Amino acid sequence: MDKKYKILIVDDDSEVRSIYSEVFKAEGFRVMEAVDGLDGINKAIANVPDVILTGIIMPKMDGFGMKEALSKNVATSHIPVAMFSHMGREEDRKKAEETGVKEFFVAGMITPKEVVARVIRLFTLVKYRLKLNIKGGDIARLTSDLGLKDDFSCANCGEDLALNIEMTNNERKEFTGRIICLRCDSGQLE
Ligand SMILES: [Zn+2]
């Protein structure tokens, strides 16, 4: 990697932190560490990292509480969060997804190198914004199903609509998409 990316590693177990710290340092990252969710929030605000890797169970504030607090703060809401679990409970995976955690893995089930690869993928995923001026295919059904105007203008403000697609998997070239108004939804776009 050309740029030095910053990762914040959050866990109350110093051994766990140092294992991940070493791995990410070896891959050229600048590493910051925090000992619990509260410490994680303070450090993320003071020195905004490119990505956060966190455990779940910690004193003071757990990984979910931290993620929720980070999402509510404009300074930190954009930071992708990867979470690792030691127990691999399905409810934790579900809760992680619900709180907006982008990557969830069970510690020890994947190699440290794979952890790094997945974390890098989190902030290098590609986004495209496509103008909707296409005809043919399923377009007629799409506009009718979604109640869109035929000229793809926003029913609210008249600005053009666009299809925002965001890569969710680099290898398989998979995307998720959302139709947006270039004016009304501009606040939600990066
Ligand atoms: Zn609009």
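Keep in mind the model is a prediction, meaning the values are calculated, not measured.

Draft legend 1. Structural context of the overall build of the protein. Looking only at helices and strands, the protein features 6 helices and 8 strands. Secondary structure of the protein in N-to-C order comes out as β-α-β-α-β-α-β-α-β-α-β-α-β-β. In terms of overall dimensions, the protein has C-alpha extents of about 60 × 35 × 30 Å along its principal axes. Relative to its full complement of 190 residues, the protein shows a buried share of 22%. Partitioning the intrachain contacts of the protein with sequence separation of at least 6 by distance along the chain shows that 56% fall at a separation of at least 24.

Draft legend 2. Geometry of the packing of helix H2 (residues 37-46) against helix H3 (residues 63-72). Between H2 and H3, whose axes approach to 8 Å, the crossing angle comes to 30 degrees. In terms of orientation, H2 and H3 fall into the roughly parallel class. For H2 against H3, the interelement crossing comes out right-handed. Residues Gly-37, Gly-40, Ile-41 and Ala-44 of H2 touch H3, and the partners they reach there are Gly-63, Gly-65, Met-66, Ala-69 and Leu-70. Grouping the amino acids of the contact of H2 with H3 by side-chain chemistry returns 5 nonpolar, 4 polar and no charged.

Draft legend 3. Spatial organisation of the pairing of strand S2 (residues 30-34). Sheet topology places strand S1 (residues 6-10) next to S2; 5 bridges connect them, and they run parallel. Paired with Lys-6 across the bridge in S2 is Arg-30. What joins S1 to S2 is helix H1 (residues 14-26), and the crossover it makes is right-handed.

Draft legend 4. A look at the domain arrangement of the protein. Domain parsing of the protein yields domain 1 (6-124) and domain 2 (127-188). A straight line from the C-alpha centre of domain 1 to that of domain 2 covers 32 Å.

Draft legend 5. The nonpolar core, seen in detail. Judged by nonpolar contacts, the single largest core of 25 residues is most densely connected at Ile-7, Leu-8, Val-51, Ile-52, Leu-53, Val-81 and Met-83. Residues contacting Leu-53, with those up to four places away along its chain left out, are Ile-7, Ile-9, Tyr-20, Ala-82 and Val-119.

Draft legend 6. Up close: the sheet that holds S1. The sheet built from 5 strands is open, its strands ordered S2-S1-S3-S4-S5 with parallel pairing. Lying at the two open borders of the sheet, with one neighbouring strand each, are S2 and strand S5 (103-106). Strand-to-strand, the axes of this sheet are offset by a mean angle of 20 degrees, without reference to chain direction. One ladder, built from 3 bridges, connects strand S3 (residues 51-54) with strand S4 (residues 81-85); its direction is parallel. Residue Ile-52 lies in a different strand from S4, and its bridge partner there is Val-81. Helix-sheet contacts for H1 involve S1, S2 and S3, and the interaxial angle to S2 is about 165 degrees. Across the sheet, H2 is in contact with S1, S2 and S3; its angle to S1 comes to roughly 165 degrees.

Draft legend 7. Up close: the environment of Leu-53. Within the element layout of this structure, Leu-53 appears in strand S3. The buried category is assigned to Leu-53, around which 28 C-beta atoms lie within 10 Å.

Draft legend 8. Layout of unusual backbone geometry. Phi at Lys-60 is positive, roughly 70 degrees, even though this residue is not glycine. Along the polypeptide, Lys-60 turns up in the loop between S3 and H3. In the Ramachandran plot, Phe-152 falls in the positive-phi region, its phi being about 55 degrees despite a non-glycine side chain. Topologically, Phe-152 is positioned in the loop between helix H6 (139-146) and strand S7 (161-169).

Draft legend 9. Local environment of the environment of Phe-105. Considering the arrangement of structural elements, one finds Phe-105 in strand S5. Note: C-alpha distance between Phe-105 and Ser-85 (20 residues apart in sequence) is 6.4 Å. Beyond its immediate stretch of four places on either side in the chain, Phe-105 contacts Phe-84, Ile-110, Val-115 and Arg-118.

Thresholds, definitions, all that
Residues numbered from 1 in each chain as written. Predicted model: local features only at pLDDT ≥ 70, side-chain atom pairs only at ≥ 80, totals over all residues. Helix = DSSP H or I, 4+ residues; strand = E, 2+ residues; numbered from the N terminus. Buried ≥ 20, exposed ≤ 12 C-beta atoms within 10 Å, placed from the backbone. Contact = placed C-beta atoms within 7 Å. Axes fitted to C-alpha atoms, helices over the stretch in contact; angles between N-to-C directions. Parallel < 35°, antiparallel > 145°, perpendicular 65-115°, else oblique. Left-handed = near helix turned anticlockwise from the far one by under 90°. Nonpolar A, V, L, I, M, F, W, Y, C, P; charged D, E, K, R; others polar. Pairing = 2+ DSSP bridges. Right-handed = clockwise from strand over helix to strand, strands pointing away. Domains from an automatic or database assignment. Core = buried A, V, L, I, M, F, W, Y, C linked by C-beta atoms within 7 Å.

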